[in-house]
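Below, each chain spelled out in residue letters.
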Amino acid sequence: MDWPIAEVARMSGVTARALRHYDEIGLLPPARIGANGHRYYEERQLLRLQQVLVLRELGLGLPEIGRILAAQVDELAALRCHYRRLLAERDRLDALAGTVARTITELEQSRKDGTDMITISRPENLFEGIRSAHCMKALHGYPELVGAVERHAAALSEAESEADERERTAQMIRLAELLATGLPADADEVQAEIDTQYRTLARIRAASAEEYRAIGRTCVENEHWHAAYEAIAPGLAAYQRAAIEAYAATRLR
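As a convention, each chain's residues are numbered from 1 in the sequence order in which they are written. With pLDDT at 70 or above as the cut-off, local features in this predicted model cover only qualifying residues; side-chain atom pairs require 80 or more to be listed or tallied, and sums for whole chains, interfaces and linings still use all residues. Side-chain measures here rest on the full set of heavy atoms in the structure, leaving out hydrogens and waters.

**Student:** Explain the overall build of the protein to me, please; I cannot follow it from the model alone.
**Tutor:** Scanning the protein from terminus to terminus reveals 12 helices and three strands. Counting across all 253 residues of the protein, residues that qualify as buried make up 41%. Working definition of accessibility: Shrake-Rupley area with a 1.4 Å probe, residue cover restricted to the visible protein chains. When the accessible area of the protein is evaluated, it comes to approximately 14000 Å², of which 52% is carbon and sulfur surface. Per the convention used, a helix needs a DSSP run of H or I reaching at least four residues, while a strand needs a run of E reaching at least two, with both numbered from the N terminus. Whether a residue is buried, partly exposed or exposed follows from its accessible area with a 1.4 Å probe, protein chains only, as a fraction of its type maximum: under 20%, in between, or over 50%, in that order.

Here it is, written out as structure tokens:
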């Protein structure tokens, strides 16, 4: 039994355009191409698509997924490996949820106490539950930037990934300290910190003013990013967005 590309797209939630792209790059060739030029998929291809989607959800880029699938010799062993990755991802999300829950409790208590002061949390690695490749998926409409970050993240070792996460946490804490002093988002000291953040990103790919503004908006609009910022200091997500807006307007025109 086989299924046409339109049916596979409906079942999997992957667009027909994406499926054609997977074929073009050799990641997921169809079982056959009909006389009408349409692609048809059998059970083996659907199983491979499932593996692609699992690895995408785990934050891997297409080149890395291709290398993983090319190296596997036993489908059952591969599925067991993916299953272990999913369990690890579940544990990561559980840890993140616990961090956010503790922050909610602390903020609720501070409001009951009538405390208006900004309290800055200094975790060693708040971004342990939020890797850059996961975060960038929220930037819809900017595939080149997202792709560059995903490729960079996929090439990092575990130690390098952890160092990257700790540095992003440190950047957020430094910005929170500026927020606590009452400095406006366009102050020189704040813009210097945003410049440091931009240069960190530029080592992967220099973002345009439009792309960088989109990152700023995502700090507020994406629940995972917003939770991470607010866990360090209430109001930090909006402060980051405003600071990026000012930076883009003056430095990236």
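Next, the rest of the story.
**Student:** Even after reading the chapter, I still don't get the nonpolar core, so can you show me in this structure?
**Tutor:** Note that soluble globular proteins tend to have their nonpolar side chains buried in a common cluster. In these notes, a set of buried Ala, Val, Leu, Ile, Met, Phe, Trp, Tyr and Cys residues joined through side-chain atoms within 4.5 Å is what counts as a nonpolar core. Val190, Ile194, Tyr212, Leu236 and Tyr239 are the most contacted members of the largest nonpolar core, which totals 33 residues. A per-element tally of this core places helix α12 (residues 236–251) first, with seven residues. For this analysis, residues touch if any pair of their heavy atoms sits within 4.5 Å. The contacts of Tyr212, once residues within four sequence positions are left out, are Ile194, Gln197, Tyr198, Leu201, Ala207, Ile244, Tyr247 and Leu252. Ranked by size, the runner-up nonpolar core spans 20 residues in total, among them Val8, Leu27, Ile65 and Leu69.

**Student:** Can you walk me through the sheet that holds strand β2 (residues 32–33) in this structure?
**Tutor:** What holds strands together in a sheet is hydrogen bonding between their backbones, with the strands either parallel or antiparallel. In this analysis, strands are considered paired if DSSP registers two or more bridges between them. Read across the open sheet, the three strands follow the order β1-β3-β2; overall the sheet is antiparallel. One side of each edge strand has no neighbouring strand; the edge strands of this open sheet are β1 (3–4) and β2.

**Student:** Honestly, the pattern of salt bridges in this entry has me stumped. Any pointers?
**Tutor:** Here the idea is simple: oppositely charged side chains can pair when their charged atoms come close. A carboxyl oxygen of Asp or Glu within 4 Å of a side-chain nitrogen of Lys or Arg is what we treat as a salt bridge. Under the counting rule described, the total for this entry stands at 11 salt bridges. The closest approach of N and O atoms between Asp195 and Arg199, which form a salt bridge, is 2.8 Å. Taken together, the residues span about one helical turn, with Asp195 and Arg199 both in helix α9 (residues 188–202) at a distance of four residues. Under the relative-accessibility criterion, Asp195 is labelled buried at 14%. Judged by its relative accessible area of 54%, Arg199 is exposed. Connected via shared salt-bridge partners are Glu144, Arg205 and Glu211.

**Student:** Looking at this structure, how should I read the packing of aromatic side chains?
**Tutor:** The description of two aromatic rings rests on the distance between their centres and on the angle between their planes. Any pair of Phe, Tyr and Trp rings, taking the six-membered ring for Trp, is counted once the centres come within 6.5 Å. Such a pair is stacked with planes under 30 degrees apart, edge-to-face with planes over 60 apart, and tilted for the rest. The full count for this structure, using the stated rule, is three aromatic pairs. Between Tyr198 and Tyr212 the ring centres are 5.0 Å apart and the planes differ by 80°, which places this aromatic pair in the edge-to-face class. In this pair, Tyr198 sits in helix α9 while Tyr212 sits in helix α10 (residues 209–221), placing the two residues 14 residues apart along the sequence. Judged by relative accessible area, which is 10%, Tyr198 ranks as buried. For Tyr212, a relative accessible area of 3% puts it in the buried group. Here the aromatic residues Tyr198, Tyr212 and Tyr247 are joined through ring pairs into a cluster of three or more. The ring of Tyr40 is capped by Arg32, whose NZ or CZ atom sits 4.2 Å from the centre of that ring. Cation placement over rings: the criterion is NZ of Lys or CZ of Arg within 6 Å of the ring centroid and within 35° of the ring normal.

**Student:** Even after reading the chapter, I still don't get helix α8 (residues 158–180), so can you show me in this structure?
**Tutor:** An α-helical segment advances 3.6 residues per turn. Residues three or four places apart therefore align on the same side. In this model α8 runs 33 Å from its N-terminal to its C-terminal C-alpha over 23 residues, within 8% of the 33 Å that 1.5 Å per residue would give. Along α8, the positions that sit buried rather than exposed are Ser161, Glu165, Arg168, Thr169, Gln171, Met172, Ile173, Leu175, Ala176, Leu178 and Leu179. Where α8 ends, the next residue or the one after it, Gly182, has phi of about 90°, a positive value. One less than the number of residues in a helix, times 1.5 Å, gives the span that helix is expected to have.

**Student:** Whenever I open this one, the environment of His152 confuses me. Can you help?
**Tutor:** Positionally, His152 belongs in helix α7 (residues 143–155). According to the relative accessible area criterion, His152 is partly exposed, its value standing at 32%. Note: C-alpha distance between His152 and Gly61 (91 residues apart in sequence) is 9.0 Å.

**Student:** Whenever I open this one, helix α11 (residues 223–232) confuses me. Can you help?
**Tutor:** Buried residues dominate α11, accounting for seven of its 10 residues. Every buried residue belonging to α11 is among Trp225, Ala227, Ala228, Tyr229, Glu230, Ala231 and Ile232, and all of these are buried. Any pair of N or O atoms that falls within 3.5 Å is considered a polar contact. Within protein, one atom must be able to donate a hydrogen and the other to accept it, and sequence-neighbouring residues count only if both atoms are side-chain atoms. N-cap assignment for α11: the residue whose side-chain oxygen lies 3.1 Å from the backbone N of Trp225 is Asn222.

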